[in-house]
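Fold and geometry: a report
Residues per chain are reported as follows:
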Amino acid sequence: DDDDDNDNDNTIVNTKNKDKHKEKYHLYFPGDIFEYDEGKAWVESQLRHPKTGKLLAILGWSLIQREQDNAWIVDWIDWQDFRDEFRPGIGREEWDRICG
């Protein structure tokens, strides 16, 4: 739906209403990259409000190592959005209890 400001494309990058609802955030990487298996790794990043430090979203990046040159590439991304207008998120009710 073109009028839905809460769609997936608009959630983090704000592809619509750029001037009306421009979200400002700081990007943090709270920990090191965790290599959990041969050629597989995980890294967490957080989007936080630049003035208050309030957690806006957590993004988890699953990485795989490409065999031909050993470069790390993104396999998939998972995120939980903690902004009120996007809570609790489909299937994410438990995140409120443990992370929110």
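Just above, that's the structure.
Here the structure is a predicted model, which is why all the values come from computation and not from measurement.

With respect to unusual backbone geometry
Notably, N70 is not glycine yet its phi reads approximately 65 degrees, a positive angle. Inspection of the secondary structure assignment puts N70 in the loop between β4 (55-65) and β5 (72-81). The exposure class assigned to N70 is partly exposed, which follows from its relative accessible area of 49%.

What about the pattern of salt bridges?
For the structure shown, the criterion picks out two salt bridges. A salt bridge links R66 to D69; the nearest nitrogen and oxygen atoms lie 2.9 Å apart. On the basis of relative accessibility, which here comes to 43%, the residue D69 falls in the partly exposed class. The residue D81 makes a salt bridge to R83 at a minimum N-O spacing of 2.6 Å.

Comments concerning a nonpolar patch on the surface
Together, Y25, L27 and F29 make up an exposed nonpolar region whose accessible area comes to about 310 Å². Tracing the chain through its elements places L27 in strand β1 (residues 26-28). Residue classification places L27 among the partly exposed residues on the basis of a relative accessible area of 47%.

So, the side chain of S45
Among the secondary structure elements, S45 is positioned in strand β3 (residues 40-48). Taking the relative accessible area as the measure of exposure, S45 reaches 1% and is therefore buried. In this structure the side chain of S45 is engaged in a polar contact, spanning 2.9 Å, whose partner is the side chain of W61. In contact with S45, other than residues within four places in its own chain, are L27, Y28, F29, P30, A57, I58, L59 and W61.

What to know about the pairing of β3
As judged from the three bridges shared by β1 and β3, these two strands associate in the antiparallel manner. By the bridge assignment, Y28 is partnered in β3 with Q46. Examined bridge by bridge, strand β2 (residues 34-37) and β3 share three bridges and lie antiparallel to one another. Within β3, the residue paired with D37 across the bridge is K40. Linking two consecutive strands that pair antiparallel, namely β2 and β3, is a turn of two residues; a positive phi of about 80 degrees is found at G39 within it. Pairing analysis gives nine bridges linking β3 to β4, with the strands arranged antiparallel. Residue pairing for β4: S45 is matched across the bridge by L59.

About the criteria used
Residues numbered from 1 in each chain as written. Predicted model: local features only at pLDDT ≥ 70, side-chain atom pairs only at ≥ 80, totals over all residues. Heavy atoms only, no water. Helix = DSSP H or I, 4+ residues; strand = E, 2+ residues; numbered from the N terminus. Buried < 20%, exposed > 50% of the residue type's maximum accessible area, 1.4 Å probe, protein only. Salt bridge = Lys/Arg side-chain N within 4 Å of Asp/Glu carboxyl O. Patch = residues over 30% accessible without salt bridge, like charges linked within 9 Å, V, L, I, M, F, W, Y side chains within 5 Å. Areas by Shrake-Rupley, 256 points an atom, 1.4 Å probe, with all protein chains shown as cover. Polar contact = N/O pair within 3.5 Å; in protein donor to acceptor, adjacent residues only side chain to side chain. Contact = heavy atoms within 4.5 Å. Pairing = 2+ DSSP bridges.

Interpretation in functional terms is not warranted from these geometric data alone.
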